[in-house]
Amino acid sequence: MTLRLHDTATRETRDFVPLVEGRAGIYVCGLTVQSEPHVGHVRSAVNFDVLRRWLTATGHDVDFIRNVTDIDDKILAKADDQGIHWYALAAAMKRELDKALAAINVLPPTYEPGATGHVPEIVELIEQLVARGHAYAAEDGSGDVYFDVRSWASYGELTRQKVEDMEPAGDADPRGKRDPRDFALWKGWKKESEPQTASWPSPWGPGRPGWHIECSAMAGKYLGPAFDIHGGGVDLRFPHHENEQAQSRAAGRPFASYWLHNAWITTAGEKMSKSLGNSLLIPSVLERVRGIELRYYMVAAHYRSHVEFSFEALDEAAKGFRRIEDFLDRAAPVVGTWFAALPDAFVDAMDDDLGTPAAVAVIHDSVREGNRLLADGPSDALGQKFGEVIAMLDVLGLNPADPAWATAGTDDRLTEVVDALVQGLLAERAAARESRDWARADAIRDQIKAAGIDIEDTPSGPKWSI
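Here the structure is a predicted model, which means the values were calculated and not measured. (Residues numbered from 1 in each chain as written. Predicted model: local features only at pLDDT ≥ 70, side-chain atom pairs only at ≥ 80, totals over all residues. Heavy atoms only, no water.)

Undergrad: So what's going on with the side chain of glutamine 247? Residues and values would help.
TA: The topology assignment puts glutamine 247 in helix α6 (residues 237-250). Assessed through its relative accessible area of 0%, glutamine 247 is described here as buried. A distance of 2.9 Å separates polar atoms of two side chains, one belonging to glutamine 247 and the other to serine 216. The residues contacting glutamine 247, other than those within four sequence positions of it, are Leu129, Phe147, Phe183, Leu185, His212, Ile213 and Ser216. (Helix = DSSP H or I, 4+ residues; strand = E, 2+ residues; numbered from the N terminus. Buried < 20%, exposed > 50% of the residue type's maximum accessible area, 1.4 Å probe, protein only. Polar contact = N/O pair within 3.5 Å; in protein donor to acceptor, adjacent residues only side chain to side chain. Contact = heavy atoms within 4.5 Å.)

Undergrad: Requested: an account of the pairing of strand β2 (residues 12-15), with residues and values cited.
TA: For a regular strand, the rule is simple: side chains alternate between the two faces of the sheet. Examined bridge by bridge, strand β1 (residues 4-7) and β2 share four bridges and lie antiparallel to one another. Residue leucine 5 lies in a different strand from β2, and its bridge partner there is arginine 14. Hairpin connection, β1 to β2: the antiparallel pair is bridged by four residues, and arginine 11 has positive phi, about 65°. (Pairing = 2+ DSSP bridges.)

Undergrad: Now, about the nonpolar core: what can you tell me, with residues and values included?
TA: One recurring pattern in soluble globular proteins is that nonpolar side chains are buried together. Core analysis: the largest hydrophobic core is formed by 106 residues, its most contacted members being Phe346 and Leu396. Two domains share this core, each providing at least three of its residues, namely domain 1 (4-262) and domain 2 (274-405). With residues near it in sequence (within four places) discarded, leucine 396 still touches Val50, Arg53, Arg295, Val299, Phe346, Met350, Thr356, Val360 and Ile363. With 13 residues, the next largest nonpolar core counts Ile65, Ala219, Phe227 and Phe255 among its residues. (Core = buried A, V, L, I, M, F, W, Y, C linked by side-chain atoms within 4.5 Å. Domains from an automatic or database assignment.)

Undergrad: Kindly report on the pairing of strand β3 (residues 23-28), identifying the contributing residues and their values.
TA: Counting buried residues in β3 gives five out of six residues, a clear majority hidden from the surface. Both β3 and strand β4 (residues 61-66) contribute to a ladder of six bridges, which runs parallel. Across the sheet, the residue bridging to arginine 23 is aspartate 61, located in β4. Viewed along the sheet, the connection from β3 through helix α1 (residues 39-57) into β4 turns out right-handed. Relative to strand β9 (residues 226-233), β3 runs parallel, the two sharing three bridges. Across the sheet, the residue bridging to valine 28 is glycine 231, located in β9. (Right-handed = clockwise from strand over helix to strand, strands pointing away.)

Undergrad: Just give me the short version of the sheet that holds strand β5 (residues 135-137), but keep the residues and values in it.
TA: A sheet is described by the order of its strands in space; here four strands give the open sequence β5-β6-β7-β8, paired in antiparallel fashion. Taken across any chain shown, the strands that pair with only one partner, and hence form the sheet edges, are β5 and β8 (207-209). When strand polarity is set aside, the average angle formed by the axes of neighbouring strands in this sheet is 20°. In the sheet, β5 pairs with strand β6 (residues 145-147) via three bridges, with the strands oriented antiparallel. Bridge pairing in β6 links tyrosine 136 to tyrosine 146. (Axes fitted to C-alpha atoms, helices over the stretch in contact; angles between N-to-C directions.)

Undergrad: Outline the domain arrangement of the protein, supporting the account with residue identities and numerical values.
TA: Accessible area lost when the parts come together is the quantity often used to give the size of an interface. According to the domain assignment, the protein consists of domain 1 (4-262), domain 2 (274-405) and domain 3 (411-465). Residue-level contacts link 28 residues of domain 1 with 36 residues of domain 2. Area buried by domain 1 at its contact with domain 2 is led by Val39, Arg43 and Trp54, which between them contribute 27% of it. Applying the counting rule to domain 1 against domain 2 returns one salt bridge. We note a salt bridge from aspartate 49 to arginine 295, for which the minimum N-O separation is 2.7 Å. Where domain 1 touches domain 2, the interface holds 13 residue pairs in polar contact (both at pLDDT 80 or more). Breaking the side of domain 1 that touches domain 2 down by element, the ones donating at least two residues are β1, α1, α3 (86-103) and β10 (255-262). Take the side of domain 1 that touches domain 2: its biggest share by element is 11 residues, from α1. The residue inventory of the side of domain 1 that touches domain 2, partitioned by class, reads 15 nonpolar, eight polar and five charged. (Buried area = accessible area lost by both parts, 1.4 Å probe. Salt bridge = Lys/Arg side-chain N within 4 Å of Asp/Glu carboxyl O. Nonpolar A, V, L, I, M, F, W, Y, C, P; charged D, E, K, R; others polar.)

Given below as structure tokens:
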């Protein structure tokens with residue numbers, strides 16, 4: 001079975017055939033760095049990280065580009081509200097984003113371009129659109145430049161809409177537009193309300209890029225006029241991705257062969273967002289569960305399925321992952337290091353449009369069989385199951401032994417201190433049990449439990465976990 005992906009443009013699940021055999025070019029819309037990232041933000045990053053890892057595991061050389069929008073109306077407004085420079089806000093929020101993604105083991109992209117670093121490429125693309133008759137400078141003296149949606153007959157093809165049915169584009173004052181649905185490629189500098197630092201020179205006067213044009217320019221620069229996969233959240237299909245495709249193809253660039261969109265994480269049935277006031281910031285969530293457990297929670301759901309977030313569901317997912325970890329912890333001293341191929345059922349699940357729910361089910365099947373074999377002591381069959389579980393977790397970015405988790409906010413020195421204290425109490429408990437002082441033994445166990453530590457008595461001795 002070959003990899004098949006659900007292409008949003010065709011509404012079909014298609015065989016993945018890269019433009020260049022053995023290579024894959026992916027562009028994913030990153031965040032506008034206006035505020036701290038929440039759970040809904042990082043889901044997209046995790047989903048496309050899994051895609052990247054699977055393509056790599058199946059022998060592809062992957063160029064993975066994920067942009068950052070570091071100049072935007074919202075950034076300017078929020079910086080003004082806080083009384084700081086817009087670029088200081090963008091830089092601070094970018095650092096918060098980097099920390100959040102590292103905490104859940106999202107690999108850094110091949111390159112992470114920012115809009116402010118690519119103004120020459122953006123201006124060049126706009127000039128091409130003007131020359132081809134698909135864009136025009138506003139005649140009201142604003143310095144704005146707009147894409148003429150009526151000039152491109154295929155406008156609306158990605159989301160299968162007719163221009164007549166679309167609402168006006170709300171990204172700029174409509175007074176300079178020929179059609180209310182025309183969208184901004186360049187925004188003239190408003191010197192009365194915007195800092196001069198938020199403008200760059202252009203043939204139409206000082207200003208800054210519109211939101212949509214930046215992605216077309218950056219994708220083209222790093223992946224070429226045609227590339228394999230464009231990804232992002234389902235909420236970006238319109239207008240952002242529709243506009244990206246239209247302006248790119250209008251400029252003579254074939255653009256993306258496949259469009260992939262991940263669904264939302266919702267709370268109370270609504271998209272998780274700042275405006276709803278129900279966002280869950282990553283540092284707060286990581287006070288409750290570990291980064292690896294939060295990633296498991298996201299990976300266990302299919303990327304195209306909406307997830308209704310709740311702490312109860314997150315806690316259940318964390319327990320499920322700990323069962324996998326428990327098997328690895330108990331089996332590792334018995335089998336040592338084993339390498340095994342991925343089970344066929346896991347490969348089939350991943351090739352079926354990244355079917356991570358079925359893939360995770362295969363991991364739990366292997367863990368159950370591994371636990372059964374573990375009861376009988378060392379064996380090649382046990383080593384095989386151990387190796388399979390490690391290999392599958394590696395693909396999903398969930399291997400507890402991955403060095404990335406050691407730097408994702410854990411403190412090895414603190415772990416060593418806690419281990420020494422717990423081991424001391426366990427030694428006291430063992431001595432109490434040896435002398436049949438059951439009351440003392442139970443009191444020590446209760447003391448450990450009250451500290452939030454679980455103890456499991458195993459044939460090889462007691463094991464503890466937080």
